[in-house]
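Understanding the architecture of this molecule
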Amino acid sequence: MDYNLLGFIKASKHREDIVKILEEEILTPTEISNRLNLHTSQVSRYLSELVGKGVVQVLTPNLRKGKVYSLTEEGKKCLNSLKR
C-alpha cells in the first residue's frame with residue numbers, strides 16, 4: 001500500500017468521493033458530476049489527477065467524448081484502506 005497515494009486521495013473530499021463512486025460501476029465524467037453535484041470540468045480535473053497517479057484508468061482513451069473510467073488494482077487497494 002502506497003500511503004503517499006492514500007494521503008493524496010484523502011486530501012480532497014472530491015477525489016475520495018470519485019474513488020468511492022467508481023467502486024460500484026464504470027462511469028463517464030458527466031455521470032460522476034451528476035451524482036456528486038459537481039461541474040463536469042471539476043470532475044475531469046480530478047479524474048486526470050487520479051489517472052496520473054495510477055488510481056483510475058480510462059477504458060476508452062481514443063474517444064474524445066464519452067470516455068469511461070474505472071478503478072485500477074491500486075485504486076481498489078486504496079479504496080479498501082479508505083473503508084477501514
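Preceding block: the structure.
In short, a report on the structure.

Cut-offs applied
- Residues numbered from 1 in each chain as written.
- Predicted model: local features only at pLDDT ≥ 70, side-chain atom pairs only at ≥ 80, totals over all residues.
- Heavy atoms only, no water.
- Axes fitted to C-alpha atoms, helices over the stretch in contact; angles between N-to-C directions.
- Helix = DSSP H or I, 4+ residues; strand = E, 2+ residues; numbered from the N terminus.
- Parallel < 35°, antiparallel > 145°, perpendicular 65-115°, else oblique.
- Left-handed = near helix turned anticlockwise from the far one by under 90°.
- Contact = heavy atoms within 4.5 Å.
- Nonpolar A, V, L, I, M, F, W, Y, C, P; charged D, E, K, R; others polar.
- Phe/Tyr/Trp six-rings, centres within 6.5 Å; stacked < 30°, edge-to-face > 60°.
- Lys NZ or Arg CZ within 6 Å of the ring centre and 35° of its normal.

Some points on the packing of helix H1 (residues 3–10) against helix H5 (residues 73–83)
Contact pair H1 / H5: the axes reach a minimum separation of 10 Å and the direction vectors enclose 70°. One finds that H1 runs roughly perpendicular with respect to H5. Handedness of the crossing formed by H1 with H5: right-handed. Within the contact between the two elements, H1 uses Leu5, Leu6, Ile9 and Lys10 and H5 uses Glu74, Cys78, Ser81 and Leu82. Split into classes, the residues belonging to the contact of H1 with H5 amount to 5 nonpolar, 1 polar and 2 charged.

Some points on the packing of aromatic side chains
The full count for this structure, using the stated rule, is 0 aromatic pairs. A cation over a ring is seen here: Arg15 above Phe8, with NZ or CZ 3.9 Å from the ring centre. Residue placement shows Lys53 over the ring face of Phe8; its charged tip is 4.9 Å from the ring centre.

Focus: the side chain of Thr28
For Thr28, the position within the fold is in the loop between helix H2 (13–24) and helix H3 (29–36). Not counting residues up to four positions away in its chain, the partners in contact with Thr28 are Gly66, Lys67 and Val68.

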